[in-house]
Amino acid sequence: MARQDPGFPGGIEEAEPRLDRAQIAQAALDLLDEHGFDAFSMRKLAVALDIKSPSLYWHVRSKDELFDLLIDVVLGKCRLPADDERPWSERLAGIGLELRQVLLAHPAATRLLPGRVPFGPNGLRLADHIIGILRQAGFDNRLAGYGYLLLLFYVTGFAGQEIAFGKGPDNPTRLAQITRFLRELPADRYPHVTAVADELTGAPGLTRRFELGLAGILNELDRERRA
């Protein structure tokens, strides 16, 4: 019996190439990177591919399906070293930092992640790699599954908020606007926010904050494993 397609990009089996779904997804990613999410349309994608708009729907059934494919292309850019003798926590921290950089490099595409299950071929490769590291390190199946979800949710959520705070092409202008806004808040109404305004957006930068949160997750996973 054929495996039922759960609706994720490409399912689990490899599909025969038609126009080339990978080419379509990469072209869509290029448009998003260059022009942003709000300017994207299927018509513009068809123009970029030099085809008629209706022809796109022979290869992707909807914009949502295209976005699922596109997210999988982005996740495929996350490097996963095969031969790595470092401790499990260092390996996962490295993957977290790598995935964060990949998402920050494609801010418009990262906006598409919330609400999507990233189980295309590249997303499954990432999941299997992370879970494998945890199982090989002695985590039971429950904690290995928890660890994958916590890492994925934390990295994608943090990167999405970084982009909202100005990480990406518009970083200097956007971050300066937020900093100025926080500094100008009335201190009598928001005494605690104004007290830490510079800490929220200033040095040492968001990478250090990201590493602090990631270390907390990994340390708690290790505590659970030893309990």
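All residue numbers here refer to positions counted from 1 along the written sequence of the relevant chain. Reporting of local features is limited, given that this is a predicted model, to residues whose pLDDT is at least 70; pairs of side-chain atoms are given and counted only at 80 or more, and all residues count toward the totals for whole chains, interfaces and linings. To obtain the side-chain values, all non-hydrogen atoms of the structure were used and water was disregarded.

## A look at the nonpolar core
For step 1, the next point in the chain: If you look at the biggest cluster of nonpolar residues, it comprises 56 residues, and the most contacted ones within it are Phe40, Leu45 and Leu92.
For step 2, the next point in the chain: Only runs of H or I of at least four residues qualify as helices and only runs of E of at least two qualify as strands under DSSP, and these elements are numbered from the N terminus. For this core, the secondary-structure elements that each account for two or more residues are α1 (21-35), α2 (42-49), α4 (63-75), α5 (88-105), α6 (107-110), α7 (121-136), α8 (141-164) and α12 (206-226).
For step 3, the next point in the chain: Per element, the largest residue contribution to this core is 10 residues, and it comes from α8.
For step 4, the next point in the chain: A contact between two residues is defined here by any heavy atoms of the two lying within 4.5 Å. Excluding its chain neighbours within four sequence positions, the residues that come into contact with leucine 45 are Ile24, Ala27, Ala28, Leu31, Phe40, Leu56 and Leu66. We define a nonpolar core as any set of buried Ala, Val, Leu, Ile, Met, Phe, Trp, Tyr and Cys residues linked to one another through side-chain atoms lying within 4.5 Å. The cut-offs for exposure are 20% and 50% of the maximum accessible area for each residue type, with area from a 1.4 Å probe on protein chains only; residues under the lower value are buried, those over the upper are exposed, and the others partly exposed.

## Side note on the confidence of the model for the protein chain
In regions of low pLDDT, the predicted coordinates are not meant to be interpreted in detail.
For step 1, the next point in the chain: In the predicted model, the protein chain carries a mean pLDDT of 87, and the fraction of residues at 70 or more is 88%.
For step 2, the next point in the chain: Confidence over residues 11-17 falls short of pLDDT 50; this stretch has six contacts with residues more than four positions distant or in other chains. Values of pLDDT, which run from 0 to 100, indicate the predictor's confidence residue by residue.

## Observations concerning empty space enclosed by the protein
For step 1, the next point in the chain: Think of a 1 Å grid over just the protein atoms. A cavity is a set of points where a 1.4 Å probe fits yet cannot get out, a pocket is an open set with protein on both sides within 12 Å along at least five of seven lines, and lining residues have an atom within 4 Å of a point. Grid points are joined across faces, edges and corners, and a volume is the space filled by probe spheres set on the points. Inspection of the entire model under this criterion finds three cavities of 30 Å³ or more.
For step 2, the next point in the chain: By volume, the second largest cavity amounts to about 30 Å³.
For step 3, the next point in the chain: Lining the second largest cavity are Leu31, Leu32, His35, Gly36, Ala39, Phe40 and Lys44.
For step 4, the next point in the chain: In terms of residue count, the dominant contributor to the lining of the second largest cavity is α1 (three residues).
For step 5, the next point in the chain: Looking at side-chain class alone, the lining of the second largest cavity contains four nonpolar, two polar and one charged residues. Think of it as three bins: nonpolar holds Ala, Val, Leu, Ile, Met, Phe, Trp, Tyr, Cys and Pro, charged holds Asp, Glu, Lys and Arg, and polar takes everything else, Gly as well.

## A few points about the packing of α4 against α7
For step 1, the next point in the chain: Put simply, α4 and α7 touch, their axes get as near as 7 Å, and they point 45 degrees apart. As summarised for this structure, α4 and α7 are arranged oblique, according to the angle between their axes. Crossing hand, α4 versus α7: left-handed. Along its contact with α4, which presents Asp72, Val73 and Leu75, the element α7 presents Pro121, Asn122, Gly123, Arg125 and Leu126. Angles here are taken between N-to-C directions and fall from 0 to 180 degrees, while the axes themselves are lines fitted to C-alpha atoms, restricted in helices to the stretch in contact. Throughout this description, any angle smaller than 35 degrees is read as roughly parallel, any larger than 145 degrees as roughly antiparallel, any in the 65 to 115 degree range as roughly perpendicular, and the remainder as oblique. The crossing is said to be left-handed when, going from far helix to near helix, the turn is anticlockwise and less than a right angle, and right-handed when the turn is clockwise.

## Observations regarding the side chain of arginine 100
For step 1, the next point in the chain: Tracing the backbone through its elements, the reader meets arginine 100 in helix α5.
For step 2, the next point in the chain: Among the residues examined, arginine 100 registers a relative accessible area of 1% and is labelled buried.
For step 3, the next point in the chain: In terms of polar contacts, arginine 100 uses its side chain to reach the side chain of glutamate 162, at 2.7 Å. Counted as a polar contact is a pair of N or O atoms within 3.5 Å, where, for protein atoms, one must be capable of donating a hydrogen and the other of accepting one, and residues adjacent in sequence contribute only when both atoms are in side chains.

## Looking at the environment of isoleucine 178
For step 1, the next point in the chain: Relative to the elements of secondary structure, isoleucine 178 occurs in helix α9 (residues 171-183).
For step 2, the next point in the chain: Given a relative accessible area of 14%, isoleucine 178 falls into the buried group.
For step 3, the next point in the chain: Not counting the four nearest positions on each side in its chain, isoleucine 178 is found in contact with Ala164, Phe165 and Thr201.

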